[in-house]
Amino acid sequence: LGTEKRGVDIPRVSPWFETNVPGIFVAGELGGMGLIRNAIEQGRQAIDEIAKRRPKGIAPLDVLIVGAGPSGFSACLGAKSKGLNYIAIEQESLGGCVFQYPRGKLVMTQPAMLPLVGKFKFTTAQKEQLLETWTKIEADHQLNIRYYESVTDIVPEGKGFKVTTTRGEYTAGTVLLAIGRRGTPRKLGVPGEELSK
């Protein structure tokens, strides 16, 4: 992506969002899809593929989703709809990078399809409205998202992966990296930097 002089490196993935490491998938901004609507769709499609291709029960978790931004949120709904045993690990708050957007920012201008929810009919939505709706959907569907926990390591183990976080270890048959490109930015240590921007 980008130009000859200014490129953006993105992971190489199959048409099914799988990386060169079988069982590790990438969706959303990290894979080059920064638009919320596209990230939602990639999260859904990646989970559809995981549900089709990976056998259930090879590890305690069928899939571990890293990130609860647009693609991770959609992936959680998709995993629940497919009956997969899953958890999502999010280092900050629901919405991922959307949570960090400035107050009042217009974030969606087209409808999107969410698993278990159907057509998400915002024609225009500001950050706060989108996050409020996602919070309600999360509660209504009792999604398994663990907040303020960061993934520190992913290594192959048996037919799956051992995922180490700041709070423990998990074993999963597949891993979906639904993270943004921001990673973990350095903080300034000033009052208010954790507040909504």
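Structure: above.
A few points on the structure. Values in this document were obtained by computation on a predicted structure and should not be read as measured data.

What follows deals with the overall build of the protein. In terms of regular secondary structure, the protein is built from 3 helices and 11 strands. Secondary structure elements in the protein, listed N-terminal to C-terminal, are β-α-β-α-β-β-β-β-β-α-β-β-β-β. Out of the 197 residues in the protein, the part that is buried amounts to 43%. In the protein, of all internal contacts separated by at least 6 residues, the share reaching a separation of at least 24 is 60%. Taken as a whole, the protein presents about 10700 Å² of accessible surface, with 52% of it coming from carbon and sulfur.

What follows deals with the environment of Ala-46. You can see Ala-46 is positioned in helix H1 (residues 36-53). For the pair formed by Ala-46 and Leu-176, sequence separation is 130 residues and the distance between their alpha carbons is 7.8 Å. Beyond its immediate chain neighbours, meaning those up to four positions away, Ala-46 contacts Phe-17, Ala-27 and Leu-176.

Strand direction decides the pairing type here: strand E9 (residues 151-157) and strand E10 (residues 160-165), joined by 6 bridges, are antiparallel. When the bridges of E10 are listed, Ile-154 appears paired with Val-163. Counting the residues in the hairpin turn of E9 and E10 gives 2 residues, including Gly-158, whose phi is positive at 60 degrees.

Let us now look at empty space enclosed by the protein. In this structure the tally under the stated criterion is 1 cavity of 30 Å³ or more. Empty space within the largest cavity amounts to approximately 30 Å³. Forming the walls of the largest cavity are Ile-50, Ala-51, Arg-54, Pro-55, Lys-56, Asp-62 and Leu-84. In terms of residue class, the lining of the largest cavity is built from 4 nonpolar, no polar and 3 charged.

With that out of the way, let us pick up the packing of helix H2 (residues 70-81) against helix H3 (residues 127-141). Between two packed helices, both the angle of their axes relative to each other and the distance between the axes serve to describe the pair. Taken N-terminus to C-terminus, the directions of H2 and H3 make an angle of 20 degrees; their axes are 12 Å apart at the nearest point. The angle between H2 and H3 places the two elements in the roughly parallel class. H2 and H3 meet at a crossing whose hand is left-handed. Residues Pro-70, Phe-73, Leu-77 and Lys-80 of H2 touch H3, and the partners they reach there are Trp-134, Ile-137, Glu-138 and His-141.

Here the structure, examined in full by the defined rule, presents 8 salt bridges. Between Glu-18 and Arg-53 there is a salt bridge, and its shortest N-O distance comes to 2.8 Å. Taken as a pair, Glu-18 in the segment before strand E1 (24-26) and Arg-53 in helix H1 lie far apart in primary sequence, 35 residues in all. Judged by relative accessible area, Glu-18 falls into the buried class, the value being 9%. Each of Glu-18, Glu-49, Lys-52 and Arg-53 takes part in one network of salt bridges that share partners.

What follows deals with the side chain of Glu-18. A distance of 2.6 Å separates the side chain of Glu-18 from the backbone nitrogen of Gly-23, its partner in a polar contact. Side chain to side chain, Glu-18 and Arg-53 meet in a polar contact 2.8 Å long.

Attention now goes to H2. Given a rise of 1.5 Å per residue, 12 residues ought to cover 16 Å, and the 17 Å separating the end C-alpha atoms of H2 matches this to within 8%. Of all 12 residues making up H2, 10 are buried, and the element is well covered by its neighbours. Looking at H2, one finds that the buried residues are Pro-70, Ser-71, Gly-72, Phe-73, Ser-74, Ala-75, Cys-76, Leu-77, Gly-78 and Ala-79. Phi for Gly-83, located one or two positions after H2, is positive at around 75 degrees.

Cut-offs used in this document
- Residues take numbers from 1 onward in each chain, read along the sequence in its written order.
- This being a predicted model, a pLDDT of at least 70 is required before a residue's local features are given, and a value of 80 or more before pairs of side-chain atoms are given or counted; all residues contribute to the totals for chains, interfaces and linings.
- With hydrogens and water excluded, all non-hydrogen atoms of the structure serve as input to the side-chain values.
- Secondary structure elements follow DSSP: runs of H or I no shorter than four residues count as helices, runs of E no shorter than two count as strands, and numbering proceeds from the N terminus.
- Burial classification: accessible surface area is computed with a 1.4 Å probe over protein chains only, and a residue below 20% of its type maximum counts as buried, one above 50% as exposed, and the rest as partly exposed.
- Here a residue-residue contact requires only that any non-hydrogen atoms of the pair lie within 4.5 Å.
- To be clear on the numbers: accessible area is Shrake-Rupley with a 1.4 Å probe, and residue cover counts the displayed protein chains and nothing else.
- A pair of strands counts as paired when DSSP detects no fewer than two bridges linking them.
- Cavity: a set of points on a 1 Å grid over the protein atoms alone where a 1.4 Å probe fits but cannot get out. Pocket: an open set with protein on both sides within 12 Å along at least five of seven lines, its lining residues, like those of a cavity, having an atom within 4 Å of a point.
- Grid points are joined across faces, edges and corners, and a volume is the space filled by probe spheres set on the points.
- Throughout this entry, Asp, Glu, Lys and Arg are counted as charged residues, while Ala, Val, Leu, Ile, Met, Phe, Trp, Tyr, Cys and Pro are counted as nonpolar. The remaining residues, Gly among them, count as polar.
- An axis is simply a line fitted to the C-alpha atoms; with a helix, the fit covers only the stretch in contact. Between two such axes, the angle follows the N-to-C directions and lies from 0 to 180 degrees.
- Each angle gets one of four labels, with under 35 degrees taken as roughly parallel, over 145 as roughly antiparallel, 65 to 115 as roughly perpendicular, and the rest as oblique.
- Each crossing is labelled by how the near helix is turned from the far one, with a counterclockwise turn of less than a right angle marking it left-handed and a clockwise turn marking it right-handed.
- By definition, a salt bridge exists where a carboxyl oxygen of Asp or Glu is found within 4 Å of a side-chain nitrogen of Lys or Arg.
- Side-chain atoms alone can form a polar contact between residues adjacent in sequence; in general such a contact is a pair of N or O atoms within 3.5 Å, and within protein one must be able to donate a hydrogen while the other accepts it.
- Expected helix span is taken as 1.5 Å per residue step, with the number of steps being one fewer than the number of residues.

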